[in-house]
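Examining the three-dimensional arrangement
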Amino acid sequence: MFVCGSICGAAVDFLSHRVCLSSPSQQRPNMFPKGTKRKFSDPAEEPASSGDPGPAAPPPAARTLSSSYSLQRQSLLDMSLIKLQLCHMLVEPNLCRSVLIANTVRQIQEEMTQDGTWQIMTQALAAAQCPADRLVATEVLCRQTEPGAQAGQSPKPFPVVGLEEGYHSEEVVMEGEVETEVTMSTLSPQLSSSSYLAGPFGMDPCWDEEDEDGDCEEEEEEEEEEEEEEEEEDEEEEDSEECMSEADEADRDHLSADSRTGEQVFGTFEIKHPTPPPDPALEELFSDVDPSYYDLDTVLTGMQSTPKMGPYDLLESLSSHAPTALSSSASCRSDLNELDHIMEIIVGS
Amino acid sequence: KSEGIKSNKITNNMIFAVTRVCFSADIISTVEFNYSGELLATGDKGGRVVIFQHEQESKNRPHLRGEYNVYSTFQSHEPEFDYLKSLEIEEKINKIRWLPQQNAAHFLLSTNDKTIKLWKISERDKRAEGYNLKDEDGRVRDPFRITSLRVPVLMPMDLMVEASPRRIFANAHTYHINSISVNSDHETYLSADDLRINLWHLEITDRSFNIVDIKPANMEELTEVITAAECHPHQCNVFVYSSSKGTIRLCDMREAALCDRHSKFFEEPEDPSSRSFFSEIISSISDVKFSHSGRYMMTRDYLSVKVWDLNMENRPVETYQVHEYLRSKLCSLYENDCIFDKFECCWNGSDSAIMTGSYNNFFRMFDRNTRRDITLEASRESSKPRATLKPRKVSTGGKRKKDEISVDSLDFNKKILHTAWHPKDNVIAVAATNNLYIFQDKIN
C-alpha cells in the first residue's frame, strides 16, 4: 500500500463520480450527472454561464471551483505521479498500468488547464521554490566539465541534484550546442519538465537504436537510460515547479540529444516561459499538501541507483531536508563515480 | 422454493460441490482445461506447471464424476536476466494453452513475459528389459562376454509422466507477452504483447510474422496498449485483440500481411453521465474470449463482463455487472492498485453460462438464458470436501442482512483472477492466490 493513502483517504470516492471535461467544446452542464446532489457550489459552472468554458475561462472562474474538488483532484494527481515514479523495479514495469496512469495524469492536467488552475499551480510552485540554489549548482556543473576534473567530486550541498548535474555535464560536453525547442504535440504548452520519460514505456534499450555517431559509450548509455527511466516516469507533464535556469537549458540539451537516440523517450520537453512574479496569496492552495510524504518518496527513489525525482521531490531536495538528501546521495555516489570515470576517459583521450 | 435455493441453481439446476482443493507453493497465474477436459493445467509465479488428470469414476462414489489428481509437474520457465536492459525477466507463467491432441502425447504452450515454450507430456508405462549390450542397471556389458542374443521384452513399469520442451520460441517480443492463442488450423498460433502481435508456426522457432504493431513512431504518443488477443475458434484467418481503451478489433489475416487496419471495431459508447477520471482505466479490457460457437465473444473490463455479437460492433448484446458496488470505491482501488487487476472470464461448454472472478475469493456465474447470476466463494472455510457451495451476497445498501458481507469488509488481497470451465461438463477450476479449487455439480 502506498503511504499516500493517508492523504487520499479523506477524499476522493467523490472523484469517482466526477465528470471530467473531455473537450473544450463540451458544455459545462454535462459536468454533473443528472440527479446527483451537488456537493459544492460552483457558480462559475452553472449552465447559465454561456459559451465556452475552455481555456478562455478567466482565473476568477478557477478560484470559484470548489477547493474540495480541486484538492481531491490534486491529490489524485499526486498519487498518480508517485505511482509513475515507483514504477521502476528490478523487473520491467507493467506498461499497461503505466499508460493508464499517464493517461489519467493527462486528463487531470487537461481539466486543470481548462479551469485555469494549471497555470496557477505552475506559477505558485515556481514561485514557492527559490531558484537561486539551482543556479549555484549549475555553476558547479560548469566547473566539473573542466578537463581533469576530480573524479567523484559532487556538489556537496545537493548530492541528489549533483548527480543530475554531473550527468548533464557529459551531455554538454558531447552534444555541444543548444538544441532548439521541441514541443510536445500531445501536451499542454504549459508543461515544464526537465527530463523525459523512458522507463515505463520505453522498453528498447536506448543504445540498441543508438545512431552510430559513437558519442556515447555503451556503459554510459545504459547508465543514462536507467537514470532516464527513473526520472522520466515522474517528470511527465507535471513538472511545473522546475525553475527556468541554465540548468534547465542543459536539461533540454540532454533531452533533445537523447530524444534523437531513444525512440522510447516518452515524456515532456521543457517549454520556456518567463518566470512569473511570485504570488504568495496562491500558496494557500497547496498548504494542505503534506510535504512529509514527498520526503518518503525521495527516500524511496534515492534507494534506486538514480534519483527518480518527482516534481515535488526536486523541490524537497532543494530545500532544507538534509537527511533525505543524504540518504539518497549514498547510493548515487557509485554512479557518480562511474560517470566521472567515463568522463575522464572521454576528456582525457 | 425459498430464494436461497432458487439462486443456487444455474443452468440445469447445477449445484456445485467441492471436489478438490490443492495448495500450490506459489501464486497460481493461469488455469486451463485441455480440449477434452481430461487434463487441467495450472501455471504459477515460480514458473512451474502442474497438470491434473481426471480419474475415472470410482464405483465407490458414483455420485461424483471422479477426481482430478496430479498428473505431472515440471519447471517450465526459469528466471532470466536481460543484460541489455539490466532487468529481470520473471519466470511467472502468464498463459497456458493446450494443443488439440493428435496422438498419445499431450502438447501445451506455456509462456512467460518473453518466451513461449512448447511442451510435450507423454506417458511411459513400459520399459524394455533384456538388452544385449547393457545390464539391467545400465552398465555396458563386455561384448566378448556375450554368448547369445536375446530380444528385449517390454515389461510394465510404474507410470511415469515426462514433460520435455520441444520448441522454444524466443526473442520475438520486446514487451510483455499477455496472450497466446492456438489457431484452428492447429499449425499456427499467435502471441501478443503490449504493442505487437506475432504469428508463429508451431514447427518454426526462429521466425515469426508480425501481424499487428501499434507501437507509435514516437513513444511519447503512446496512449493505448494491447491487453489480450485470441484466434477465432473456427476461422483460422480471424483473430481479435482488445485494448486498454476498452476497444476490440477483429482482424482478417487475408486482408493484409500487417493487420493494423481492423476489419471490425467494437466499442460501446461511453455513458457521459458516469464519466470520471477513472473511466478509462475501468474500461480497459483484461480478457477477451470467443464463444465455442464462434458467433460471440466476451470481454471483461474492471466492473463488468460484456457479450458481443460479432456482427454488431456498436454495442454488446449482453452486459453483466460483476461488482458494481465497487464503482464508488474506485479511488481507493486506484490507490492500492487493485483497479489494475486483470480478471479473466470463461464460457461453459454450451456457451449458456459465463464465469468470472472478483474479490474476497468470490467468483460469479451468469446464466445467459435465465439471466440469473450467482456469487460463490472459493475459500478453505467453505470448501470442505464434497460440501455444497453456498451462494454469497454483498450488501450494497445500508442494511446488511444475515450472511451478507458489506463492501467494506471485502478482502481485496483475495482476488480470483483465473477461472476455467470444463469444455463439456459442469466442472470448474478456480484459482485463488495459492489455492486451486475444483468444483463439480452434483449429479442427483
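Parameters at a glance
- Residues numbered from 1 in each chain as written.
- Chains lettered and ligands numbered in written order.
- Predicted model: local features only at pLDDT ≥ 70, side-chain atom pairs only at ≥ 80, totals over all residues.
- Heavy atoms only, no water.
- UniProt positions renumbered as here; feature names shortened; annotations may be inferred.
- Phe/Tyr/Trp six-rings, centres within 6.5 Å; stacked < 30°, edge-to-face > 60°.
- Helix = DSSP H or I, 4+ residues; strand = E, 2+ residues; numbered from the N terminus.
- Buried < 20%, exposed > 50% of the residue type's maximum accessible area, 1.4 Å probe, protein only.
- Lys NZ or Arg CZ within 6 Å of the ring centre and 35° of its normal.
- Pairing = 2+ DSSP bridges.
- 1 Å grid on protein atoms, 1.4 Å probe; cavity = no way out; pocket = protein on both sides within 12 Å on 5 of 7 lines; lining within 4 Å.
- Points joined across faces, edges and corners; volume = space filled by probe spheres on them.
- Nonpolar A, V, L, I, M, F, W, Y, C, P; charged D, E, K, R; others polar.
- Core = buried A, V, L, I, M, F, W, Y, C linked by side-chain atoms within 4.5 Å.
- Contact = heavy atoms within 4.5 Å.
- Expected span 1.5 Å × (residues − 1).
- Polar contact = N/O pair within 3.5 Å; in protein donor to acceptor, adjacent residues only side chain to side chain.

The name recorded for chain B in an unreviewed UniProt entry is Serine/threonine-protein phosphatase 2A 55 kDa regulatory subunit B, from Oryzias sinensis. Looking at chain B in UniProt, the text filed under Sequence similarities (unreviewed entry) is "Belongs to the phosphatase 2A regulatory subunit B family." Its UniProt record, at the heading Subunit (unreviewed entry), says of chain B: "PP2A consists of a common heterodimeric core enzyme, composed of a 36 kDa catalytic subunit (subunit C) and a 65 kDa constant regulatory subunit (PR65 or subunit A), that associates with a variety of regulatory subunits."

Chain A has the name Cell division cycle associated 4 in an unreviewed UniProt entry, where Oryzias sinensis is given as its organism.

1. Remarks on the packing of aromatic side chains
Inspection of the entire model under this criterion finds 16 aromatic pairs over all chains. Between Tyr302 of chain B and Phe343 of chain B, the aromatic rings sit 6.3 Å apart at their centres with planes inclined by 50 degrees, giving tilted as the arrangement. Residue Tyr302 of chain B is found in the loop between strand 21 (296-300) and strand 22 (304-309), and its partner Phe343 of chain B is found in the loop between helix 3 (330-335) and strand 24 (345-347); the two are separated by 41 residues along the sequence. In this structure, Tyr302 of chain B and Phe343 of chain B share a single accessibility class: buried. A cation over a ring is seen here: Lys83 of chain A above Tyr334 of chain B, with NZ or CZ 5.2 Å from the ring centre. One Lys or Arg, Arg368 of chain B, reaches over the ring of Tyr296 of chain B and ends 4.8 Å from the middle of that ring.

2. Some points on the pairing of strand 25 (residues 353-357) of chain B
Residue and element names in this part refer to chain B. In terms of burial, strand 25 is a largely internal element, five of the five residues being buried. Both faces of strand 25 are covered, namely the face carrying Ala353, Met355 and Gly357 and the face carrying Ile354 and Thr356. With three bridges connecting them, strand 24 and strand 25 associate as antiparallel partners. Each residue of the ladder has a partner; that of Trp347, found in strand 25, is Ile354. Hairpin connection from strand 24 to strand 25: five residues lie between these consecutive antiparallel strands, with Asp351 at a positive phi of about 65 degrees. Of the strand pairs in this sheet, strand 25 and strand 26 (residues 362-367) are connected by five bridges, and their pairing is antiparallel. Bridged to Thr356 within strand 26 is Arg364. Linkage of strand 25 to strand 26, two consecutive antiparallel strands, is achieved through a turn of four residues, within which Asn360 is found at a positive phi near 60 degrees.

3. A closer look at the layout of surface pockets
Considered as a void within the structure, the largest pocket measures approximately 1,600 Å³ in volume. Lining the largest pocket are 50 residues, and of these Asn94 of chain A together with Lys92, Phe340, Asp341 and Leu417 of chain B lie nearest its centre. Among the secondary structure elements, those contributing two or more residues to the lining of the largest pocket are helix 5 (95-115) of chain A together with strand 2 (28-33), strand 8 (95-98), strand 12 (179-182), strand 16 (226-231) and strand 20 (287-290) of chain B. For the lining of the largest pocket, the element with the most residues is strand 16 of chain B, which contributes five residues. Within the lining of the largest pocket, the residues separate by chemical class into 21 nonpolar, twelve polar and 17 charged.

4. Considering the nonpolar core
Nonpolar side chains tend toward joint burial in soluble globular proteins. With 46 residues, the main nonpolar core has Tyr302, Leu326, Tyr334 and Ile339 of chain B as its most contacted residues. Residue assignment for this core shows that the elements contributing at least two residues are helix 4 (67-85), helix 5 and helix 6 (117-128) of chain A together with helix 2 (279-283) and helix 3 of chain B. Tallying contributions element by element places helix 5 of chain A first for this core, with eight residues. Setting aside anything within four residues of it in sequence, one finds Leu326 of chain B in contact with Tyr302, Leu303, Leu333, Tyr359, Val407 and Phe412 of chain B.

5. Some details on the pairing of strand 26 of chain B
Residue and element names in this part refer to chain B. Burial of strand 26 is extensive: six of the six residues sit out of reach of the surface. Here strand 26 shows no split at all, with Phe362, Arg364 and Phe366 on one side and Phe363, Met365 and Asp367 on the other all buried. Relative to strand 27 (residues 373-377), strand 26 is paired through five bridges, and the arrangement is antiparallel. Across the sheet, the residue bridging to Phe363 is Leu376, located in strand 27. Taking the residues that link successive antiparallel strands as the turn, the strand 26-strand 27 hairpin has five residues, and the phi of Arg371 there is positive, at about 65 degrees.

6. Looking at helix 6 of chain A
What sets the pattern is the α-helix's 3.6 residues per turn: residues three or four places apart point alike. Between its first and last C-alpha, helix 6 of chain A extends 16 Å over twelve residues, near the 16 Å set by a 1.5 Å rise per residue. Listing the buried residues of helix 6 of chain A in full gives Thr117, Trp118, Ile120, Met121, Thr122, Ala124, Leu125 and Ala126 of chain A.

7. Some details on helix 5 of chain A
All names here are of chain A. A rise of 1.5 Å per residue sets the reference length of helix 5, with its 21 residues, at 30 Å; its end C-alpha atoms lie 30 Å apart and thus fit the reference within 8%. Where burial is concerned, most of helix 5 is hidden: 19 out of the 21 residues are buried. For helix 5, the capping residue at the N-terminal end is Asn94, with a side-chain oxygen 3.0 Å from the backbone nitrogen of Cys96.

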